[in-house]
Amino acid sequence: MNRELLRNLPKVDELLKEEIVEKELKSTMRTLVIDTLRETIDYYRDLILKDKIESISKEEILKTFNKLMKKNNSPKLKKVINATGTVIHTNLGRSLLSNQAVEAVNNVSMNYNNLEYNIEQGKRGLRYSHIEELITRITGAEAAMVVNNNAAAVMLVLNTLCNGKEAIVSRGQLVEIGGSFRVPEVMKFSNAKLVEVGTTNRTHLYDYENNINENTGVLLKVHTSNFKILGFTEEVSIEELVGLSKKYNVPVYEDIGSGVLIDYTKYGFTYEPTVQESLKKGMDVVTFSGDKMLGGPQAGIIVGKKEYIDKMKKNQLTRALRIDKMTLAALEATLKLYLDEKEAIENIPTLNMLLSSKETIKKKAESLKRKLRNKVKNFNFHIEEDYSMVGGGSMPTEKIETYVIKITSEEFTPEQIEYNLRMNETPIVTRVYNNQVIMDLRTMFQRDFDTIVEAFLTMK
Ligand SMILES: *Cc1c(COP(=O)(O)O)cnc(C)c1O
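In this report, the structure presented in the accompanying data block is examined. Remember, it's a predicted structure, so these values are computed and weren't measured experimentally.

**Comments concerning the overall build of the protein chain**
Then, in step 1: Looking only at helices and strands, the protein chain features 20 helices and 18 strands.
Then, in step 2: Dimensions of the protein chain, computed from the C-alpha atoms along their principal axes, are close to 90 × 55 × 45 Å.
Then, in step 3: Within the span of the protein chain, comprising 460 residues, buried residues form 50% of the whole.
Then, in step 4: A total accessible area of about 24100 Å² is found for the protein chain, and carbon and sulfur atoms account for 48% of it.

**So, the packing of helix H6 (residues 99-109) against helix H15 (residues 325-337)**
Then, in step 1: Orientation of H6 relative to H15, taken along the N-to-C sense of each, is 145°, at an axis distance of 8 Å. Every pair of crossing elements has a handedness; the one defined by H6 and H15 is right-handed. Packed against H6, whose contacting residues are Gln100, Ala101, Ala104, Val105, Val108 and Ser109, the element H15 presents Lys325, Met326, Ala329, Ala330, Ala333, Thr334 and Leu337 at the interface.
Then, in step 2: Residue composition of the contact of H6 with H15, grouped by class: nine nonpolar, three polar and one charged.

**Side note on the packing of aromatic side chains**
Then, in step 1: Applying the stated rule across the entire model yields six aromatic pairs.
Then, in step 2: For the ring pair Phe379 and Phe456, a centre distance of 5.1 Å and an interplane angle of 80° mean the geometry is edge-to-face. With Phe379 in the loop between helix H18 (358-375) and strand E14 (380-391) and Phe456 in helix H20 (residues 449-457), the pair connects residues that are 77 residues apart, well separated along the chain. The same class applies to Phe379 and to Phe456, which are both buried.
Then, in step 3: Linked through ring pairs, Phe379, Phe381, Phe412 and Phe456 together constitute an aromatic cluster.
Then, in step 4: Here the guanidinium or amino end of Lys399 rests over the ring plane of Tyr387, the centre of that ring lying 4.5 Å away.
Then, in step 5: Cation over ring: Arg447 sits above Phe445, and NZ or CZ is 4.1 Å from the ring centre.

**Quick word on the sheet that holds strand E5 (residues 143-147)**
Then, in step 1: Strand order in the open sheet made by the seven strands is E5-E13-E12-E11-E10-E6-E9, with mixed pairing throughout. One side of each edge strand has no neighbouring strand; the edge strands of this open sheet are E5 and strand E9 (193-197). Strand-to-strand, the axes of this sheet are offset by a mean angle of 25°, without reference to chain direction.
Then, in step 2: Along the sheet, helix H8 (residues 150-162) makes contact with E5, strand E6 (166-170), strand E10 (216-222), strand E11 (252-257), strand E12 (285-289) and strand E13 (300-304), crossing E12 at roughly 160°.

**Remarks on the sheet that holds strand E18 (residues 436-440)**
Then, in step 1: Strand order in the open sheet formed by five strands is E2-E14-E15-E18-E17, with mixed pairing between adjacent strands. On the outer flanks of this sheet lie strand E2 (86-88) and strand E17 (431-433), each paired with one strand and no other. Taking the axes of each pair of neighbouring strands and ignoring which way they run, one obtains an average angle of 40° across the sheet.
Then, in step 2: For E14 and strand E15 (residues 400-408), the ladder comprises nine bridges, and the chain directions are antiparallel. Of the residues in E15, the one forming a bridge with Glu385 is Tyr403.
Then, in step 3: Strand contacts of helix H19 (residues 414-422): E15, E17 and E18, with the helix running at about 40° to E18, the strand carrying the most contacts.

**Some details on the site of the ligand**
Then, in step 1: Around the ligand sit twelve residues, and of these Arg94, Ala151, Asp255, Ser289 and Lys292 come closest.
Then, in step 2: Between Ala151 and the ligand, the recorded distance is 2.9 Å, taken from a backbone N or O atom to an oxygen atom.
Then, in step 3: Residue Lys292 places a side-chain N or O atom 2.8 Å away from an oxygen atom belonging to the ligand.
Then, in step 4: Taking 380 Å² as the accessible area of the ligand by itself, protein coverage stands at 94%.
Then, in step 5: Broken down by secondary-structure element, the contributors of at least two residues to the shell around the ligand are H8 and E11.
Then, in step 6: Residues of the shell around the ligand, tallied by class, amount to three nonpolar, six polar and three charged.

**What to know about the nonpolar core**
Then, in step 1: Residues Tyr264, Ile302, Val303, Leu335, Tyr338 and Leu354 are the most contacted members of the largest nonpolar core, which totals 86 residues.
Then, in step 2: Counting residues per element, this core draws most heavily on H8, which supplies nine residues.
Then, in step 3: Of all hydrophobic cores here, the second largest spans 26 residues; its members include Ile361, Leu368, Val376 and Met459.

**Quick notes on unusual backbone geometry**
Then, in step 1: With a phi angle near 60°, Asp51 is a residue other than glycine that sits in the positive phi range.
Then, in step 2: Despite not being glycine, Asn191 shows a phi value in the positive range, around 70°.
Then, in step 3: Here Asn191 lies in the loop between helix H9 (183-190) and E9.

**A short note on the pairing of E14**
Then, in step 1: Here E2 runs beside E14; their pairing, made up of two bridges, is parallel. Across the sheet, residue Thr86 finds its bridge partner in E14, namely Met389.

**Some points on helix H7 (residues 129-139)**
One turn of the α-helix equals 3.6 residues, which is why residues spaced by three or four share an orientation.
Then, in step 1: Taken together, the buried positions of H7 are Ile131, Glu132, Leu134, Ile135, Thr136, Ile138 and Thr139.
Then, in step 2: Buried positions along H7 lie against E5, helix H12 (275-280), E13, helix H13 (306-314) and H15.
Then, in step 3: Positioned one or two residues after H7, Gly140 has a phi angle of 80°, which is positive.

**Points about the side chain of Ser170**
Then, in step 1: Structurally, the position occupied by Ser170 is in strand E6.
Then, in step 2: A polar contact is formed between the side chain of Ser170 and the backbone nitrogen of Gly172, at a distance of 3.1 Å.
Then, in step 3: Residue contacts for Ser170: discarding those within four places in its chain leaves Val197, Thr203 and Tyr208.

**Considering the pairing of E18**
Then, in step 1: Burial runs high along E18: four of the five residues are buried.
Then, in step 2: In this structure, E15 lies alongside E18, joined through four bridges in antiparallel fashion. Looking at the pairing, Ile407 lines up with Val437 of E18.
Then, in step 3: In terms of strand pairing, E17 meets E18 through three bridges, oriented antiparallel. Opposite Val432, over in E18, you have Val437 as the bridge partner.
Then, in step 4: From the end of E17 to the start of E18, which pair antiparallel, there are two residues, and Asn434 there has a positive phi angle of about 50°.

Cut-offs used in this document
Residue numbers here run from 1 along each chain, matching the order of that chain's written sequence. For a predicted model such as this one, the threshold for reporting local features is a pLDDT of at least 70, and the threshold for listing and counting side-chain atom pairs is 80 or more; totals across whole chains, interfaces and linings nevertheless cover every residue. No hydrogens and no water enter the side-chain calculation; it runs on all heavy atoms of the structure. Under the scheme used here, helices are H or I runs from DSSP no shorter than 4 residues and strands are E runs no shorter than 2 residues, and both carry numbers assigned from the N terminus. Per-residue accessibility, obtained with a 1.4 Å probe over protein chains only, is compared with the maximum for each type, and a residue is labelled buried under 20%, exposed over 50%, and partly exposed between these values. Per-residue and other accessible areas were derived by the Shrake-Rupley procedure at a 1.4 Å probe size, with only the shown protein chains allowed to occlude residues. Lines fitted to C-alpha atoms define the axes here, with helix axes fitted over just the stretch in contact, and angles between the N-to-C directions of these axes take values from 0 to 180 degrees. Take the far helix as your reference; a near helix turned counterclockwise from it by less than a right angle gives a left-handed crossing, and one turned clockwise gives a right-handed crossing. Should any heavy atoms of two residues lie within 4.5 Å, those residues are considered in contact. Under the convention adopted here, Pro, Cys and the residues Ala, Val, Leu, Ile, Met, Phe, Trp and Tyr are nonpolar, Asp, Glu, Lys and Arg are charged, and Gly plus all remaining residues are polar. The pairing test for Phe, Tyr and Trp rings, Trp by its six-membered ring, is centres within 6.5 Å, and the orientation test on the planes gives stacked under 30 degrees, edge-to-face over 60, and tilted for anything in between. By definition, being over a ring means that NZ of Lys or CZ of Arg is both within 6 Å of the ring centre and within 35 degrees of the ring normal. Paired strands, as defined in this entry, are two strands with at least two bridges between them according to DSSP. The nearness test applies per residue and asks whether one of its heavy atoms lies within 4 Å of the molecule or strand. In protein, a polar contact requires one atom able to donate a hydrogen and another able to accept it; more generally it is a pair of N or O atoms within 3.5 Å, and residues adjacent in sequence count only if both atoms are side-chain atoms. Definition used in this section: a nonpolar core is a set of buried Ala, Val, Leu, Ile, Met, Phe, Trp, Tyr and Cys residues joined via side-chain atoms within 4.5 Å.

As structure tokens, then:
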């Protein structure tokens, strides 16, 4: 160990007089600067104690300080560039908000607002009233309410309709979504008793009917939106379940998951049931997510018959699951766009990306490739056709044709490229397939192209 080096290591007070540090002090909190100076000194002390360093210059120390300052100053939750092509990427924040939604959030959160105030009457109002009419207009439901997410919606519906009673559900629909949401677990918390009927691949109407008794609270259908069982299968249709529900006077409820509000078959996608259809076929209650196919903020939307929705509004759980004003503002602005399908597709990023034409994506790919090729020399960039995924546990079998840029290099392995891009100041998340790094242009924006070029230029 080099005692001399250790003795000469600068002190915090000494470094505080350096120009670089003084500049930081003008724009950042003092505590943060001092913490970072300590972190810098500790870093070098550790290197000396481990005999990993023979000399240190002040320039080097200040350079390290600058780097650490940048890291400590940047938020932990931050922007990421999604180059995976998975549109509703749960790890990367699911749906992006439209400009309209962001503006509404800004306006409502920087100002006082009528969240629970009835302006006409000058009295206390209801949090959910602002949005109920819009949701019922779009879905055709009698009534609606909104909670924190769809998992909360499932819990509230079951707790309201089925507290201490039995919920009959097909074994083929006891799904897990995203590792954390398991239908049977959520049912346990809601105090509904699970009655599993049928088998994994086949459930018949008589399986439900044979299990109905005076303690049945609800017939539950879960849309298995994140996987498909193919082959020798049978599922009971909504119409049949509705018939059974009427015959025995038991409510029927569907957790439809993704919350598809427009008919995607028009745009060449495989059929996915819409909320409107389920209600039209007679479902009493339907729940879905706000930030999957709908393209809005995180929320759980509950629609259906007024008599049931009214009971849910009175359930004390509602207080614990209620949404914030920012969510409400973003959801209202997003749903409003659905009044005109063209507006929705043009303005809601999730819909816009899902329905982007191959030609649009090809043009984007060519534009990025041109920029990269002009400036970045030690990499090869190839445009190729590939497939994007919907993500978010929605439309799992849908492969959407897209264009990608494949990246190779003599100098770096694919894993090194992937790692470097991921560790960029604005992380760029790509995928590695067949020894090539792949960037799918479907989920990428022109506004980020310069950042991407810079990331390649600074790769080491
Ligand atoms: C995604 C999903 C959920 C959970 O919804 P969150 O909004 O993530 O809470 C519940 N049920 C189904 C069928 C889903 O697809």
